[in-house]
There are 2 protein chains.
Amino acid sequence: MGRRGRVAPSQRVRMADVAEAAGVSRATVSRVLSHDPAVVEATAAVVREAIERLGYRPNRAAQALMGASRTLGVIFGEPPDRASALLLRGINEAATSKGYALTVAIATDAGGEELRRGLNTMVEQSAAAVMVLPATRLNADVLAAADVPFPIISTTDLGPGSPCSVAALDELGAVDAVVGHLQEIGRNRILHIGARHETLVSQFRRGGWQARVDEADLFEMADEWSARGGYEALHRAVARGARPDAVFAASDEMALGAMSAAGELGLRVPEDLAVAGFGGLPVTEFYGPGLTTVATAPQERGALAFEECMRRLSEPDSPPAHRLLEGELVMRPSTVPAGGSPGVSGL
Amino acid sequence: MGRRGRVAPSQRVRMADVAEAAGVSRATVSRVLSHDPAVVEATAAVVREAIERLGYRPNRAAQALMGASRTLGVIFGEPPDRASALLLRGINEAATSKGYALTVAIATDAGGEELRRGLNTMVEQSAAAVMVLPATRLNADVLAAADVPFPIISTTDLGPGSPCSVAALDELGAVDAVVGHLQEIGRNRILHIGARHETLVSQFRRGGWQARVDEADLFEMADEWSARGGYEALHRAVARGARPDAVFAASDEMALGAMSAAGELGLRVPEDLAVAGFGGLPVTEFYGPGLTTVATAPQERGALAFEECMRRLSEPDSPPAHRLLEGELVMRPSTVPAGGSPGVSGL
DNA sequence: CTGTTAGCGCTTTCAA
DNA sequence: TTGAAAGCGCTAACAG
């Protein structure tokens, strides 16, 4: 057959097949699929039966070509840790239940080039909205300047003036709770171990600590956002003469490394050195004697971000919202000796 | 405008806009985009300039409607741990560089219902191929029976006879290396702590251990795949009279919990109780005295899975391949006292 | 080497 | 309440 522009039709069951099987037109099948109340129940039942029998699945690409797409984008800017996996899970659960599919991209570079590419991918995929976990300030600027046809929801606080919605942890409040706790138990030489100074979370954690602490010699930059980074940082700080009575590490893993270094330095935790981290996944109960930390609810953050997507989509003209989730201080023996009363307290 | 079937054209720059700006036809733009050598360089340059200037991004939905789609699916069946995040990163890196976008779904239930839904999502998204991390045997059966228009690549070993390609860790070999190591250092009462018996990885780890160990009283089922699970399991095992001289835990976190329990029971690690885990992320260096484990290279596994996708796509008629990655035994003080010679040895 | 044109699978007017 | 037909943005077959 020499017809021009001929394209091999796919093997897949199409709407036309369903229509034929049900003895109706394609338009009617389409209406049944979108729960159009105009279709009389008897007809709808026949159509649904045919859909079921033939195993018909609509082609999203064709749907997206017409109107609103049912795809949401997720761009990861955080390191590939467990929290990011949980965040994805939170988003997925909510999205699946509402019939949305998820497309992902990863953008961990500081410069924003990967983020730009990620956003382009989302445009190409006709995403209806995109959730982003921007890593750095530059990334945040890329978001603000992005020329994209969908709303952006950031799961890191971008501060006021950003055109993006925010569904994030109240970082400053959470840090304040940990550092405040260390001060309440009588520590006044609180060393902060940070890393990757260019990232937004690093800046938040350091900023929250700075707001409560004066001594400039009590900051130590770790090489990496990891246990080894925390381990080496504490060793370095002590070697250069810092004499902390507490450590606030920017991540739980760094805190774990710091506790290991403390052991080598002959410092007892918590008697000589109270140690607190940030993150709060269940495993931290077994970090050292049990690590004091802040639970950051990544899964809830994901659900919140999705909710904000839906809100922006249903009220296209509403301004971007700024929704913050409270962290939860978890007190454990690394700051409160077993004799004390460890436990959990809301902020 | 009373034209029938009217649909609001999108605001986005379309191929037609580029064509007009460049003074060529849409077909030529399309050819430039797909690097068709038939287009003379001068024309191509003009087109590329117009694309750049207008900020044109092709609409994937429209592309997918025609021929091969540039979307790959990833279905997670593993718990949301760091390894799964790394696996995604490995896939993403390879996929991005080849111009593929990624769609994700999550299917962690044992029954396979979520997996079926996930596969449906991938059909709807016109995925060209799908990578799956199936959790359970039932999930594997769903995969085998799936009626889908794309090749499936499993990142868990499905054994022979499966219609899916496999790009996975050599689980049995890796377990054999750990348990063999424990035997080589003279341990012969090796307790295995497992969990979630319905999952394939649990079965592999238990099977590998069983192949080397006789005593039936040396298996203890943990409630969860976590540090707390390992902690409680060791306590239970000792309480019921098991007298292990070593522990092989099915995950690093369970091993961490077991070491904590060992401390409470007055057992020194490794003198009284050697402890080994499974997973091998860097943080395990700071689990207890340093945890012996197996590195499972999740990122490499992701890259391998992607490679296998490409192979299946370029050779549609070739049979599914079975590609296994070797684990790497990492010996640390939890089995080899500091006096010994800890280090890394390939399998 | 480039343009014309048909049609991918779907939704949406408009008419009946 | 349902059907006919147009067209979403793109690719590919064919003609020139």
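Just above sits the structure.
Calculation rules
- Residues numbered from 1 in each chain as written.
- Chains lettered and ligands numbered in written order.
- Predicted model: local features only at pLDDT ≥ 70, side-chain atom pairs only at ≥ 80, totals over all residues.
- Heavy atoms only, no water.
- Helix = DSSP H or I, 4+ residues; strand = E, 2+ residues; numbered from the N terminus.
- Rg over C-alpha atoms; globule rule 2.2 N^0.38 Å.
- Buried < 20%, exposed > 50% of the residue type's maximum accessible area, 1.4 Å probe, protein only.
- Contact = heavy atoms within 4.5 Å.
- Areas by Shrake-Rupley, 256 points an atom, 1.4 Å probe, with all protein chains shown as cover.
- Lys, Arg positive; Asp, Glu negative; His and termini not counted.
- Charge placed at Lys NZ, Arg CZ, Asp CG, Glu CD.
- Salt bridge = Lys/Arg side-chain N within 4 Å of Asp/Glu carboxyl O.
- Least-squares fit on C-alpha atoms with pLDDT ≥ 70 in both.
- Polar contact = N/O pair within 3.5 Å; in protein donor to acceptor, adjacent residues only side chain to side chain.

1. A few points about the overall build of chain A
Consideration 1: A count of helical and extended segments in chain A gives 12 helices and 13 strands.
Consideration 2: Expected size for 347 residues packed as a compact globule is a radius of gyration near 20 Å; at 26 Å, chain A overshoots this value by more than 25%.
Consideration 3: A buried classification covers 54% of the 347 residues belonging to chain A.
Consideration 4: A fraction of 70% describes how many contacts in chain A between residues 6 or more apart in sequence connect residues 24 or more apart.
Consideration 5: In the form shown here, chain A has an accessible surface area of approximately 14800 Å², with 52% of it arising from carbon and sulfur atoms.
Consideration 6: Both charge centroids of chain A, one from 34 positive and one from 42 negative side chains, sit 9 Å from each other.

2. A short note on the side chain of Asp170 of chain A
Consideration 1: The topology assignment puts Asp170 of chain A in the loop between β5 (165–169) and α8 (171–184).
Consideration 2: Here Asp170 of chain A occupies a buried position and makes no salt bridge, while the nearest side chain of opposite charge, Arg205 of chain A, is found at 11 Å.

3. So, the relation of the copies chain B and chain A
Consideration 1: With an RMSD of 0.2 Å, the fit of chain B onto chain A corresponds to turning through 180 degrees and sliding 0.1 Å along the axis. Taken together, the turn and the small shift mark the pair as related by a two-fold rotation axis.
Consideration 2: Mapped onto chain A, 100% of the interface residues of chain B again fall at the interface, so both copies present the same surface.

4. Looking at the interface of chain B and chain A
Consideration 1: Each partner contributes residues to the interface: chain B has 51 residues there, and chain A has 51 residues.
Consideration 2: Taken together, chain B and chain A are joined by six salt bridges.
Consideration 3: The salt bridge involving Glu253 of chain A is made with Arg82 of chain B; its shortest N-O contact spans 3.2 Å.
Consideration 4: Between the two partners, chain B and chain A, sit 15 residue pairs in polar contact (both at pLDDT 80 or more).
Consideration 5: Those elements that place two or more of their residues in the side of chain B that touches chain A are α4 (60–66), β1 (71–76), α5 (82–97), β2 (101–106), α6 (113–124), α10 (227–239) and α11 (252–264) of chain B.
Consideration 6: Among the elements that take part in the side of chain B that touches chain A, α5 of chain B stands out by supplying seven residues, more than any other.

Geometric descriptors of this kind do not, in isolation, establish any biological role.
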